[in-house]
Each structure stands twice: as structure tokens, then as C-alpha cells.
Amino acid sequence: MSTHVKKPGWFTVNVFNRAVAWLTRRGISVWGSRVLAVRGRKSGQWRTTPVNLLTVDGRQYLLAPRGHVQWTHNMRAAGGGELRLGKNVDVFTATEIADDDKVPLLRAYLRRWKAEVGVFFDGVGPDSPDADLRRIAPDHPVFQITVTN
């Protein structure tokens, strides 16, 4: 498995993510934003982070543009979590998508959010050939979510 991680800078952590999370907690989705809550794999405590919820062909996905970050490790251990938008809480289970099946999901994610996260994909964009998307697939975990509540 890839160990690819692109850590966020000070501005992202202290300004951007906090602003998006603040709005999302108040019920204002910024281009599909949700607050992901997942139990820590070691502590068992709830951990939260803003995420972009991707919908493709009626199915919902969480994709990690920064790679194998803490929430992805926690998601694998917990098998699911919660997506929050204002007072609405969707409890879900998560199934990780195999690298060979990620190409259309990566393309859809980049088509929607390239301006926000494109820098994390090493020059690969929504119009890149399938081979380029397949090459970066191991670096970006993708989970299909199934709402259970």
C-alpha cells in the first residue's frame, strides 16, 4: 500500500478547514462539504475533519486528496462513521474501493474540485488519460459509503 501523504499547511489547518467546518456545522455546505466524524483507531475518540462528498451514479464516496491521512486509517479500522451537515447526521458504513476501480471516481472528483485540490494530484487532472489516473490511484484512498440511518 502507498504511504503517500501531503500534509496541509498552516493556512489550510488554521483558516480554510476551520472556516469550511464552521459553515458546514451550521448547515451550509460548501460545494458538497460535510464534516466527517470517525472513531480514532487507537483512542476510540471521535475525530472530525471537513471532507467533500462525491456522488457518482447515485452512489456516495469519500476520496482523500491528500493521500493516506489519519481519517483514512481510522476509516479502515472503524468501517464507517458519520457525515454531518448542520443538525443532520448520516451514519454510514464504508467500503474501500480497489485501485483498478478508482479511475472514474478520481476523474469525477477532479472535475468537481480540481481548483480546490488539484495541487495534490501531481499534475493529473480530469482530462488526463486513464493511465495517469491509474498511476496515482494507490496514493488516494476512496471509500464508498452506505448510509445506514
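See the structure above.
Note that the structure is a prediction, hence the values are computed from the model and not measured.

Colleague: Give me the nonpolar core: which residues, what numbers.
Modeller: In this structure, Leu54, Tyr61, Leu106, Tyr109, Phe121 and Leu133 are the most contacted members of the largest nonpolar core, which totals 20 residues. At the level of elements, strand S2 (46-56), strand S3 (59-63), helix H3 (103-117) and helix H4 (130-136) are the ones that each hand at least two residues to this core. Ranked by size, the runner-up nonpolar core spans 14 residues in total, among them Val38, Leu62, Met75 and Phe143.

Colleague: How would you explain the pattern of salt bridges if you had to name every residue and give the values?
Modeller: Going through the model one piece at a time under the given rule, you end up with five salt bridges. A salt bridge links Arg107 to Asp130; the nearest nitrogen and oxygen atoms lie 2.4 Å apart. Taken together, the positions of Arg107 in helix H3 and Asp130 in helix H4 put the pair 23 residues apart, joining distant regions of the chain. A residue is classified by how much of its surface remains accessible, and Asp130, at 49% relative accessible area, is partly exposed.

Colleague: Quick one: what's the story with the packing of aromatic side chains, residue by residue and with numbers?
Modeller: Applying the stated rule across the entire model yields three aromatic pairs. Aromatic side chains Tyr109 and Trp113 sit 4.8 Å apart centroid to centroid with 50 degrees between the ring planes, which places their arrangement in the tilted category. Taken together, the residues span about one helical turn, with Tyr109 and Trp113 both in helix H3 at a distance of four residues. Overall, the relative accessible area of 1% leaves Trp113 in the buried class. Cation over ring: Arg84 sits above Trp46, and NZ or CZ is 5.7 Å from the ring centre.

The rules we used
- Residues numbered from 1 in each chain as written.
- Predicted model: local features only at pLDDT ≥ 70, side-chain atom pairs only at ≥ 80, totals over all residues.
- Heavy atoms only, no water.
- Core = buried A, V, L, I, M, F, W, Y, C linked by side-chain atoms within 4.5 Å.
- Buried < 20%, exposed > 50% of the residue type's maximum accessible area, 1.4 Å probe, protein only.
- Helix = DSSP H or I, 4+ residues; strand = E, 2+ residues; numbered from the N terminus.
- Salt bridge = Lys/Arg side-chain N within 4 Å of Asp/Glu carboxyl O.
- Phe/Tyr/Trp six-rings, centres within 6.5 Å; stacked < 30°, edge-to-face > 60°.
- Lys NZ or Arg CZ within 6 Å of the ring centre and 35° of its normal.

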